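Residues per chain, in single letters:
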Amino acid sequence: MNVVYFAWVRERIGLPQETVDTDAATVKDLIAELSAREDRYAAAFADTTALRVALDQELSDFDAPLHGVREVAFFPPMTGG
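Described below are features of the structure shown in this document.

What counts, and where the lines are drawn
- Residues numbered from 1 in each chain as written.
- Predicted model: local features only at pLDDT ≥ 70, side-chain atom pairs only at ≥ 80, totals over all residues.
- Heavy atoms only, no water.
- Core = buried A, V, L, I, M, F, W, Y, C linked by side-chain atoms within 4.5 Å.
- Buried < 20%, exposed > 50% of the residue type's maximum accessible area, 1.4 Å probe, protein only.
- Helix = DSSP H or I, 4+ residues; strand = E, 2+ residues; numbered from the N terminus.
- Contact = heavy atoms within 4.5 Å.
- Patch = residues over 30% accessible without salt bridge, like charges linked within 9 Å, V, L, I, M, F, W, Y side chains within 5 Å.
- Areas by Shrake-Rupley, 256 points an atom, 1.4 Å probe, with all protein chains shown as cover.
- Salt bridge = Lys/Arg side-chain N within 4 Å of Asp/Glu carboxyl O.
- Lys, Arg positive; Asp, Glu negative; His and termini not counted.
- Charge placed at Lys NZ, Arg CZ, Asp CG, Glu CD.
- Pairing = 2+ DSSP bridges.
- Arc of directions from axis to C-beta.
- Axes fitted to C-alpha atoms, helices over the stretch in contact; angles between N-to-C directions.

## A word on the nonpolar core
Item 1. Among the nonpolar cores identified, the biggest contains 22 residues, and Tyr5, Val27, Leu30, Phe45 and Phe74 are the most heavily contacted of them.
Item 2. Top element by residues in this core is helix α2 (residues 27-37). It accounts for 4 residues.
Item 3. Discounting residues that sit within four places of it in the chain, Phe45 has contacts with Tyr5, Ile13, Ile31, Leu34, Ser35, Leu51 and Phe74.

Right, dumping it as structure tokens:
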């Protein structure tokens, strides 16, 4: 699965995207797997209330299942202007 990081999430992790092999059932499970990898991931996902997630380019929630999902994107909330 392709995992994409935007804004400060990308800055903390140090990658714009990566391919991840995972057995995670939900977005929360994926976050737990990534956070356990290294401190930079743990820092990026420390406060999920400051994050949004999109599955295959559709806004979703952290309890959403990952079965069949090809892309997960993490980004901070967007504001209009």
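Additional details are given in the paragraphs that follow.
## A few points about a negative patch on the surface
Item 1. Where like charges cluster on the molecular surface, the negative patch consists of Asp21, Asp23, Asp29 and Glu33.
Item 2. Within the secondary structure, Asp29 sits in helix α2.

## Topic: the environment of Glu38
Item 1. Here Glu38 is to be found in the loop between α2 and α3 (39-44).
Item 2. Assessed through its relative accessible area of 38%, Glu38 is described here as partly exposed.
Item 3. Separated by 25 residues in sequence, Glu38 and Ile13 place their C-alpha atoms 9.2 Å apart.

## With respect to the pairing of strand β5 (residues 71-75)
A regular strand places its side chains on the two faces of the sheet in alternate fashion.
Item 1. In terms of burial, β5 is largely enclosed, as 4 of its 5 residues are buried.
Item 2. Pairing of strand β1 (residues 2-5) with β5 involves 4 bridges; the strand directions are parallel. Residue pairing for β5: Asn2 is matched across the bridge by Glu71.
Item 3. As paired strands, strand β3 (residues 52-55) and β5 are joined by 4 bridges and run antiparallel to one another. When the sheet's bridge partners are listed, Arg52 is paired in β5 with Phe75.

## Regarding α2
Side chains of residues three or four places apart in an α-helix project in the same direction, reflecting 3.6 residues per turn.
Item 1. Those residues of α2 not exposed but buried are Val27, Leu30, Ile31 and Leu34. All buried residues of α2 lie within an arc of 100° about the axis, which places them on one face of the element.
Item 2. Packed against the buried residues of α2 are β1, α3, β3 and β5.

## A closer look at the sheet that holds β3
Item 1. The strand order across the open sheet formed by 5 strands is β2-β1-β5-β3-β4, and the pairing between neighbours is mixed. Looking at the sheet topology across the chains shown, the edges are occupied by β2 (17-19) and β4 (58-60). Put simply, the sheet's adjacent strands are angled 25° from each other on average, direction ignored.
Item 2. The strands that α2 touches are β1, β2, β3 and β5; relative to β5, the one it contacts most, it runs at about 70°.

The analysis is restricted to geometry; functional conclusions fall outside its scope.
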